[in-house]
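Below, each chain spelled out in residue letters.
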Amino acid sequence: MNDVLQAIYQRNSCRDFSGAPLTAQQVEELTKSALAAPSAMNAMPWHIIVVTNKEMLDEMDAYMMANIAANNPEWHTRMQERGGKIFYNAPCLIVIAKKDDSEWAALDCGIVSQNIALAAHSLGLGNVICGMARMAFEGERAAEWTKKLQVPEGYSFGMSVCIGNANKGKEAHELNHQKVTYIK
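Not measured: the values here are computed from a predicted model.

Thresholds, definitions, all that
- Residues numbered from 1 in each chain as written.
- Predicted model: local features only at pLDDT ≥ 70, side-chain atom pairs only at ≥ 80, totals over all residues.
- Heavy atoms only, no water.
- Phe/Tyr/Trp six-rings, centres within 6.5 Å; stacked < 30°, edge-to-face > 60°.
- Helix = DSSP H or I, 4+ residues; strand = E, 2+ residues; numbered from the N terminus.
- Patch = residues over 30% accessible without salt bridge, like charges linked within 9 Å, V, L, I, M, F, W, Y side chains within 5 Å.
- Areas by Shrake-Rupley, 256 points an atom, 1.4 Å probe, with all protein chains shown as cover.
- Salt bridge = Lys/Arg side-chain N within 4 Å of Asp/Glu carboxyl O.
- Buried < 20%, exposed > 50% of the residue type's maximum accessible area, 1.4 Å probe, protein only.
- Pairing = 2+ DSSP bridges.
- Axes fitted to C-alpha atoms, helices over the stretch in contact; angles between N-to-C directions.
- Contact = heavy atoms within 4.5 Å.
- Polar contact = N/O pair within 3.5 Å; in protein donor to acceptor, adjacent residues only side chain to side chain.

Visitor: It is not clear to me how the packing of aromatic side chains should be interpreted in this structure. Could you clarify?
Guide: Aromatic rings considered in pairs are described by the distance between their centres and by the relative angle of their planes. Evaluation of the coordinates by the stated rule reveals two aromatic pairs. With a centroid separation of 6.5 Å and an interplanar angle of 35 degrees, the aromatic rings of Tyr63 and Trp145 are classed as tilted. Taken together, the residues Tyr63 in helix H3 (residues 54-71) and Trp145 in helix H6 (residues 142-148) connect sequence positions 82 residues apart. Measuring from centroid to centroid gives 5.6 Å for Phe137 and Phe157, while their planes differ by 20 degrees, and the two rings are stacked. Within this pair, whereas Phe137 is found in the loop between strand E3 (126-129) and H6, its partner Phe157 is found in strand E4 (residues 155-164), the two being separated by 20 residues in sequence.

Visitor: Would you take a moment to explain a nonpolar patch on the surface for this structure?
Guide: Nonpolar side chains collect at one region of the surface, where Met1, Val4, Leu5, Ile8, Tyr9 and Leu175 lie side by side and expose about 620 Å² of accessible area between them. By the element assignment, Val4 lies in helix H1 (residues 3-10). Taking the relative accessible area as the measure of exposure, Val4 reaches 56% and is therefore exposed.

Visitor: Help me out: how do you make sense of the sheet that holds strand E2 (residues 92-99) in this one?
Guide: Two orientations exist for strands paired in a sheet by backbone hydrogen bonds: parallel and antiparallel. Here four strands make up an open sheet; going across it, the order is E1-E2-E4-E3 and the pairing antiparallel. Strand pairing shows two members of the sheet lacking a second neighbour, strand E1 (46-51) and E3, which therefore form its edges. Recorded for the sheet is a direction-independent mean angle of 20 degrees between the axes of neighbouring strands. Alignment of E3 against E4, held across four bridges, turns out to be antiparallel. Within the sheet, the bridge partner assigned to Asn127 lies in E4 and is Ile163. The strands touched by helix H2 (residues 24-35) are E1, E2 and E4; relative to E1, the strand with the most contacts, the crossing angle is about 165 degrees. Helix-sheet contacts for helix H5 (residues 105-122) involve E1, E2, E3 and E4, and the interaxial angle to E2 is about 160 degrees.

Visitor: I would appreciate a short explanation of the side chain of Gln26 in the present structure.
Guide: With respect to the helices and strands, the residue Gln26 is situated in helix H2. Look at Gln26 and you get buried, because its relative accessible area is 17%. In this structure the side chain of Gln26 is engaged in a polar contact, spanning 2.8 Å, whose partner is the backbone nitrogen of Thr23. Contacts of Gln26, omitting those with residues within four sequence positions, involve Leu123 and Leu125.

Visitor: Please explain the pattern of salt bridges as it appears in this structure.
Guide: For side chains of opposite charge, pairing can occur when their charged atoms come near one another. A full pass over the atoms with the stated rule returns nine salt bridges. Of the charged contacts, one joins Glu29 and Lys32 as a salt bridge, the two residues approaching to 3.6 Å between their closest N and O atoms. Here Lys32 and Glu29 lie together in helix H2, a separation of three residues that amounts to about one turn. What makes Glu29 partly exposed here is its relative accessible area of 26%. Residue class for Lys32 comes out partly exposed when judged on its relative accessible area of 43%. Taking the shortest distance from any N to any O, the salt bridge between Arg134 and Glu138 comes out at 3.2 Å. On the basis of relative accessible area, Arg134 is assigned to the partly exposed category, the value being 34%. Classification of Glu138 as partly exposed rests on a relative accessible area of 37%. Three or more residues joined by partner-sharing salt bridges are found here, namely Glu59, Arg141, Glu144 and Lys148.

Given below as structure tokens:
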């Protein structure tokens, strides 16, 4: 089996990171994989924001957990059972901001996040695509987080990926062939 297919089949969502920082080379490879993603008409309606500042990640995580506790006790309980952190102690969060006036930005941000996740897996890193990070850009501190993360004017949260060294491995999900229809 070739390396690309192997990465696709073996990649899984990590929810338990060691917290050890990534190397500069790992961050560079992840960034390049994001920039290599295809987009509609090669418009690249995204901006990549790489956050490795632990204090900022912890502050952002605590803000979102407090919002979940106040607004969705069921989710809060679930997150507490998973360690009480949205970013699962990942030392790197890549936020993909989407261009607000692009019809295809949301789809293209999804493609970027998959490129990052597969690149992380191929580098031996755990990762999880994290849509919940959008909560930092909602509510009373939305403008503050937009500024702190240097989201460019005319862009908003599209998707994010948490990346780091996994504390433990896990099996990829089982393929469900019932989700496929073949028309011949």
